[in-house]
Amino acid sequence: MSSIRKIQVTFDCAEPERVARFWCEVLGYVVPPAPEGFATWADYEHSLPPERQGAGYVCSDPTGVGPRLYFQRVPEGKVVKNRVHLDVRVGTGLVGAERLAALEAECARLIPLGATRERLLVADEYNESCLVMLDVEGNEFCLD
């Protein structure tokens, strides 16, 4: 039997800290403590060569259950739809109007954080309703 491995989800982005802080708010994640020998992340960043400053940022589940998220600066912008995206599970076990209310409530919480509502996918005979959203840099994710 193979062992279970922890995973990290990596986001390519223009502004790693901005995107990481958005996802901290969405998921209840936290920025881990600064590396040993540094009082703050800013102190650590200032120790790096100029071209590496702001090149990456991390956030993690404070319970240790969810995957670590890593945000890395890349020179190119987003061009096409994401092939992989996160589903934020706010309506698990809910159906109909109760599910829609949960999705809409979470959407209302995330818009002031910089999220954009893209479209509602209404339940059909195979899937429950979900809300397609965009993060602060236009990456798709779903409220599910």
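Residues numbered from 1 in each chain as written. Predicted model: local features only at pLDDT ≥ 70, side-chain atom pairs only at ≥ 80, totals over all residues. Heavy atoms only, no water.

Asker: Help me out: how do you make sense of the overall build of the protein in this one?
Answerer: Check the secondary structure of the protein and you find three helices and seven strands. In terms of its C-alpha atoms, the protein occupies a principal-axis envelope of roughly 55 × 40 × 30 Å. Looking at the protein as a whole, 32% of its 144 residues qualify as buried. Here the analysis covers contacts within the protein between residues at least 6 apart in sequence; of these, 58% occur between residues at least 24 apart. For the protein, the accessible area works out to roughly 9,200 Å², and carbon and sulfur atoms hold 56% of it. (Helix = DSSP H or I, 4+ residues; strand = E, 2+ residues; numbered from the N terminus. Buried < 20%, exposed > 50% of the residue type's maximum accessible area, 1.4 Å probe, protein only. Contact = heavy atoms within 4.5 Å. Areas by Shrake-Rupley, 256 points an atom, 1.4 Å probe, with all protein chains shown as cover.)

Asker: What should I look at first to understand the nonpolar core in this one?
Answerer: Across soluble globular proteins, nonpolar side chains have a tendency to be buried as a group. Core analysis: the largest hydrophobic core is formed by 23 residues, its most contacted members being Trp-23, Phe-71, Phe-141 and Leu-143. For this core, the elements supplying multiple residues, two or more each, are β1 (8-13), α1 (16-27), β2 (56-59), β3 (68-73), α3 (96-110), β6 (130-134) and β7 (140-143). For this core, the element with the most residues is α1, which contributes six residues. Residues contacting Phe-71, with those up to four places away along its chain left out, are Phe-11, Cys-13, Pro-16, Val-19, Ala-20, Trp-23, Ala-55, Gly-56, Tyr-57 and Cys-59. (Core = buried A, V, L, I, M, F, W, Y, C linked by side-chain atoms within 4.5 Å.)

Asker: Is there a simple way to think about the environment of Asp-135 in this case?
Answerer: Locating Asp-135 in the fold gives a position in the loop between β6 and β7. Relative accessible area serves as the criterion here: at 2%, Asp-135 is assigned to the buried category. Spatially, the C-alpha atoms of Asp-135 and Ala-97 are 25 Å apart, while their sequence positions differ by 38 residues. Ignoring any residue separated from it by four or fewer positions in sequence, one finds Asp-135 in contact with Phe-11, Val-19, Phe-22, Trp-23, Gly-114 and Phe-141. Polar side-chain contacts of Asp-135 include one of 3.2 Å to the side chain of Trp-23. (Polar contact = N/O pair within 3.5 Å; in protein donor to acceptor, adjacent residues only side chain to side chain.)

Asker: Help me understand the packing of α1 against α3 in this model?
Answerer: Two quantities define a packed helix pair, namely the angle between the axes and the distance from one axis to the other. Put simply, α1 and α3 touch, their axes get as near as 11 Å, and they point 145° apart. The interaxial crossing formed by α1 with α3 has right-handed handedness. The segment α1 lies against α3, with Phe-22, Glu-25 and Val-26 engaging Glu-106, Arg-109 and Leu-110. Residues that form the contact of α1 with α3 fall into these classes: three nonpolar, no polar and three charged. (Axes fitted to C-alpha atoms, helices over the stretch in contact; angles between N-to-C directions. Left-handed = near helix turned anticlockwise from the far one by under 90°. Nonpolar A, V, L, I, M, F, W, Y, C, P; charged D, E, K, R; others polar.)

Asker: For this particular structure, what's the right way to read the packing of aromatic side chains?
Answerer: Any two aromatic rings considered together are summarised by their centre-to-centre distance and by the angle between their planes. Tallied over the full model, the rule gives eight aromatic pairs. Look at Phe-22 and Phe-141: their rings are 6.2 Å apart centre to centre, the planes differ by 65°, and that puts the pair in the edge-to-face class. Here the residue Phe-22 occupies a position in helix α1, and Phe-141 occupies one in strand β7, the gap between them amounting to 119 residues. The residues Phe-22 and Phe-141 share a single accessibility class, namely buried. With 4.9 Å between their ring centres and 70° between their planes, Trp-23 and Phe-141 make a pair best called edge-to-face. Placement of Trp-23 in helix α1 and of Phe-141 in strand β7 is noted, with a sequence separation of 118 residues between them. For Trp-23, a relative accessible area of 1% translates into the label buried. Overall, Phe-141 belongs to the buried group, its relative accessible area being 0%. Feature note: the residues Phe-11, Phe-22, Trp-23, Phe-71 and Phe-141 constitute an aromatic cluster, connected by ring pairs. (Phe/Tyr/Trp six-rings, centres within 6.5 Å; stacked < 30°, edge-to-face > 60°.)

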